[in-house]
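So the chains spell out like this:
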Amino acid sequence: MPDTAEPTHARTLLYAPLKAVLVPLDQVPDPVFAQQTMGPGIALEPLESQLFAPCDGEIVHLARTRHALTLKTDQGCEILIHLGLDTVDLEGEGITAHVAPGDRVTCGDLLWDFDADLLACRALSLVTPLVVTSNDQWRCELADTASSGRVIERGEALMTLVALAVSAPDATPEGSNHEYREQVTLALAAGLHARPAARLRGIARQHGCTLMLERGEHEADAASLTALLGLSLRQGDTLTVIARGSSAAAALREAVTLLSTPEAGEDDPGHGEPSVEDTPSVPAGDDATCHGLMASPGLAVGPLVRLERPRIDVSEDRTESAEVVGRQLKAAISALNDTLITEIEQARTEGRREETDILEAHQAWLDDPALLNESLALIEAGRSAAFAWREVLEGRIKELRQSESRLLAARGDDLRDLQARLLALLVPDAAAASHFEMAPGAIVVAEEITPSQFLALDRIAPAGLCLAGGGTTSHVALLARARGLPCLAAMGSRVLEIMAHHDGAVVILDAQQGVLTFQPEDEQLDTAREQIEQARWRAALERQVAHEPAHTRDDVLIEVCANVAGADEARIAFDAGADGIGLMRSEFLFMARSQAPDQEMQRGIYQQAMEAMGDHPVIIRTLDIGADKQLDYLALPAVPNPALGTRGIRLMTRHQSLLDTQLRALLAVTPLERLHIMVPMVTEAAELVAVRERLNTLAREMNLEGRPRLGAMIEVPAAALCADQIARVADFLSIGTNDLTQYTLAMDREDPDLAGRADVLHPAVLRLIDITVKGAAMHQCPVGVCGAAAGDPQAWAALVALGVNELSVEPARVAAVKAGVRRLDRAALSSLLREWLDEAIDSVTLRARLAQWLQEHASTAHTDAITTDATTTDRGVPRDAT
């Protein structure tokens with residue numbers, strides 16, 4: 001191999017790293033490379049199984065799975081060499097790296113050995129892109145002999161890198177390739193809190209860039225959540241976003257989009273953070289009552305139990321060297337990080353989105369370099385690991401609690417959680433001190449409680465929770481609402497003082513009214529218990545007949561199915577009486593992992609869901625990624641409006657291998673006649689036809705005779721208007737009311753200012769649903785609803801009145817919705833609803849009319865319908881005959 005050309009500041013010559021067929025980058029079967037998202041270059045289809053350095057330089061990055069590396073030339077240009085496509089999925093199998101980050105290499109040094117046959121069989125392609133990621137400072141000039149399809153020998157001239165300009169020495173920081181900045185007005189209703197801060201950190205990591213936020217004289221690195229939250233940024237604040245690195249432009253776009261796009265008001269029940277003067281006041285109460293803010297509604301009666309915060313004694317000074325103690329701290333952080341990863345994957349798999357977001361924010365806190373570095377500094381000063389960690393976090397907690405932002409003040413609970421969980425790993429007796437026991441059904445009183453403590457407490461099944469501190473924006477409040485646990489917060493120290501005189505006494509917690517009643521009169525207890533019992537009795541009766549078919553009063557069968565994220569929820573749905581699975585969200589299977597699940601893994605999970613549902617049908621939606629759902633391992637192009645970009649079935653046309661693997665996994669389950677496959681974001685019949693053709697091709701390759709049913713989601717107005725055409729080629733249709741509503745009304749469902757107006761009962765949305773049902777009826781194609789409207793107190797009735805055959809709801813809502821169906825006269829409501837839709841009516845008025853009609857007409861049949869069905873169905877079939 002010839003020597004590398006004499007380096008200059010302007011030009012660098014690259015030589016072919018192996019014998020290969022030349023492939024233009026725009027012909028690479030991966031849009032990330034073909035569209036030059038990562039930069040310009042050339043691709044090589046290997047004709048030998050060793051790859052050598054194309055020039056002198058330094059290895060600055062080697063992927064964990066050994067499939068890609070970055071070589072920095074002596075002139076400062078970074079070159080990505082990506083061995084094959086989708087080889088990351090092989091987890092390094094068949095690839096041997098002969099270099100490591102930091103190694104100095106000379107042109108011709110061996111970089112990789114690889115098993116070409118294995119990669120060719122198991123990866124998408126052996127085509128190996130060689131890309132200049134420093135493309136803002138360098139351009140590529142291909143050698144005259146580097147023509148498409150030509151076989152190039154190892155060591156031949158391949159291309160020349162030409163510097164566009166010589167940067168001033170201080171133009172960019174060391175290790176950066178360029179700097180971009182943009183001013184933005186923060187649109188997040190709750191300000192910059194832990195979860196969007198964690199997403200900023202993720203953007204910086206994904207692009208290998210440095211992200212800085214600057215406001216006035218203050219700035220913060222996105223690598224540090226502590227620094228980001230320390231800026232105390234609130235909605236409407238103006239700040240500057242700075243990105244530095246080889247992919248700085250892409251990182252900046254994503255960061256600006258995140259900060260300038262309103263998010264859902266889930267962090268703040270009021271869809272925005274009130275100022276201090278707007279904060280709800282808590283009545284002073286008297287000796288018999290104590291008041292607080294409603295963190296989660298509900299009514300409960302039970303004995304008072306005090307949950308003490310464990311006192312963990314730690315040694316102040318270390319007894320070993322700073323190096324040893326520092327390693328102990330890092331090992332504990334690593335162990336806790338592994339635990340959090342497991343908890344995040346489990347929460348994602350089970351569809352607990354609130355818990356997933358909270359745990360991800362905790363993981364980002366744990367990875368904050370500022371917390372580690374300050375702790376290590378205290379260790380160097382002679383302190384123990386436990387003492388250092390406790391003191392550093394105590395200071396941060398104090399800073400957050402003093403914030404004018406209620407939301408940031410509430411994040412102190414998250415740091416308290418990390419403080420306690422890490423101490424439990426560093427101090428031998430800490431874990432035992434943190435354990436608590438109590439009988440189920442208690443009203444728990446605590447000064448404060450961390451999210452992980454709440455999750456442990458929830459397993460004991462308390463009746464309610466009262467907190468001296470906290471607030472309605474805390475992560476504990478969010479978890480309590482998600483689980484339906486009555487909870488009051490911000491009750492003040494007085495609740496602890498009174499609690500001391502009533503420990504173990506029976507009390508009434510009325511979270512809806514914001515009051516905890518001590519020493520209630522017998523009559524008060526009787527009334528509260530009667531209300532609770534009535535609700536339980538009604539729910540029990542509804543559950544008792546939940547496994548029976550649900551017919552309306554005019555004898556129309558409506559299937560009530562469940563929305564689930566995995567096999568565990570499918571089992572819950574079956575026990576709840578669901579008639580089937582109306583939507584299994586397969587994306588959670590993909591989001592819970594660092595790489596796409598293989599065919600066998602998917603098949604196993606789909607089969608478990610099928611088996612969990614007995615003889616009932618299961619609808620599994622193909623991967624629905626894009627917009628608000630992203631995969632770390634699937635690079636999607638940045639677009640101004642992701643909701644209108646590449647998502648659903650559109651994504652599958654760009655990543656056909658993902659769809660093929662999923663379809664093969666689905667075709668491998670048994671029995672196929674109970675499997676229904678649903679395709680998201682369909683806009684025309686041709687899209688579904690293409691999927692069916694691919695499904696048939698794969699089934700023939702697998703020697704299968706049977707085929708699963710194939711259906712389409714109706715989520716966009718185009719699909720609704722073309723429902724009659726889509727129904728011709730579909731076995732079923734399912735309306736996704738969440739997306740259909742936002743696309744029809746041009747109202748982002750994540751925008752807190754519009755969320756209240758984005759109502760499925762808007763006449764335009766109902767007219768599109770009516771068109772869908774009528775179009776499907778022309779071809780005897782059943783129509784279901786799997787969006788949130790299926791469980792809406794008024795909307796479900798309107799959907800049934802319009803002719804929908806199936807409602808798919810959360811498992812916990814199955815019994816109640818079935819009971820509602822049995823009380824409904826569909827024909828009567830259908831006639832009246834169409835009259836209302838002929839008027840100039842808005843969704844608010846329509847919702848009020850529906851509520852009143854249901855109250856007047858359905859309540860009269862309530863007791864009779866349930867009591868009758870408690871022994872037999874309304875068709876005279878015994879309960880065990882299903």
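Residues numbered from 1 in each chain as written. Predicted model: local features only at pLDDT ≥ 70, side-chain atom pairs only at ≥ 80, totals over all residues. Heavy atoms only, no water.

*Asks:* I'd love a proper account of helix H16 (residues 522-544), names of residues and values included.
*Replies:* Its 23 residues place the ends of H16 31 Å apart at the C-alpha level, agreeing with the 33 Å of an ideal helix rising 1.5 Å per residue. Within the sequence span of H16, burial applies to Leu525, Ala528, Ile532, Leu541 and Glu542. (Helix = DSSP H or I, 4+ residues; strand = E, 2+ residues; numbered from the N terminus. Expected span 1.5 Å × (residues − 1). Buried < 20%, exposed > 50% of the residue type's maximum accessible area, 1.4 Å probe, protein only.)

*Asks:* Can you break down the environment of Ala788 residue by residue, with the values?
*Replies:* By the secondary structure assignment, Ala788 is in the loop between strand E34 (783-785) and helix H27 (795-801). Judged by its relative accessible area of 53%, Ala788 falls in the exposed class. Ala788 sits 225 residues away from Asn563 along the chain, and the two C-alpha atoms are 9.8 Å apart. For Ala788, the residues in contact, after removing those within four places along its chain, are Thr737 and Asn738. (Contact = heavy atoms within 4.5 Å.)

*Asks:* Residues and numbers for the sheet that holds strand E10 (residues 110-114), please.
*Replies:* In spatial order, the strands read E4-E10-E8; together these three strands make up an open sheet with antiparallel pairing. Strands at the two margins of the open sheet, each flanked by one partner only, are strand E4 (50-52) and strand E8 (95-97). Each neighbouring strand pair of the sheet contributes to a mean axis angle of 15°, computed without reference to strand direction. In this sheet, E10 lies alongside E4 in antiparallel orientation, the contact comprising three bridges. The residue of E10 that forms the bridge with Gln50 is Asp113. (Pairing = 2+ DSSP bridges. Axes fitted to C-alpha atoms, helices over the stretch in contact; angles between N-to-C directions.)

*Asks:* With reference to specific residues and values, describe unusual backbone geometry.
*Replies:* In this structure, the amide linkage connecting Thr670 to the following residue, Pro671, adopts the cis form with an omega of -10°. With respect to the helices and strands, Pro671 occurs in the loop between helix H21 (656-667) and strand E31 (675-679). Phi at Gln519 is positive, roughly 45°, even though this residue is not glycine. Relative to the elements of secondary structure, Gln519 occurs in the loop between strand E26 (515-517) and H16. The phi torsion at Asp555 lies on the positive side, around 65°, for a residue other than glycine. Its place among the elements puts Asp555 in the loop between strand E27 (550-551) and strand E28 (557-564). According to the relative accessible area criterion, Asp555 is partly exposed, its value standing at 46%.

*Asks:* Hey, could you go over the sheet that holds strand E19 (residues 289-291) for me, with residue numbers and the actual values?
*Replies:* One open sheet holds the eight strands; their spatial order is E19-E26-E25-E21-E22-E23-E24-E20, and the pairing between them is mixed. The strands lining the two open edges of the sheet, one partner per strand, are E19 and strand E20 (293-296). Looking at each pair of strands side by side, their axes are set apart by 30° on average, direction ignored. Bridging between strand E23 (residues 464-467) and strand E24 (residues 487-489) involves two bridges; their strand directions are parallel. Opposite Leu465, over in E24, you have Cys487 as the bridge partner. Relative to the sheet, H16 contacts strand E21 (299-307), strand E25 (506-510) and E26, its axis offset from that of E21 by approximately 110°.

*Asks:* Help me get a handle on the nonpolar core, residues and values and all.
*Replies:* Formed by 97 residues in total, the largest nonpolar core has its most connected members in Ile581, Tyr606, Ile726, Leu733, Ile769, Leu807 and Leu846. Among residues more than four places away in sequence, those in contact with Ile726 are Val682, Thr683, Glu684, Ala685, Ala712, Ile714, Ala719 and Leu733. Counting 50 residues, the second-largest nonpolar core is a separate cluster that includes Leu258, Leu336, Ile397 and Leu422. (Core = buried A, V, L, I, M, F, W, Y, C linked by side-chain atoms within 4.5 Å.)

*Asks:* An account of the pairing of strand E33 (residues 732-735) is needed here, citing residue identities and associated values.
*Replies:* Residues Phe732 and Ser734 line one face of E33 and the alternating positions Leu733 and Ile735 line the opposite face, and both faces are buried. With three bridges joining them, E33 and E34 adopt parallel strand pairing. Looking across to E34, one finds that Leu733 is bridged to Val783.

*Asks:* Give me helix H25 (residues 737-745): which residues, what numbers.
*Replies:* In terms of burial, H25 is a largely internal element, seven of the nine residues being buried. Buried residues of H25: Thr737, Asp739, Leu740, Thr741, Gln742, Tyr743 and Leu745, and no others. Looking at the buried side of H25, the elements it contacts are strand E32 (709-714), helix H23 (717-721), E33, helix H26 (763-777) and E34. Immediately beyond the C-terminal end of H25, within one or two residues, lies Ala746, with a positive phi of roughly 55°.

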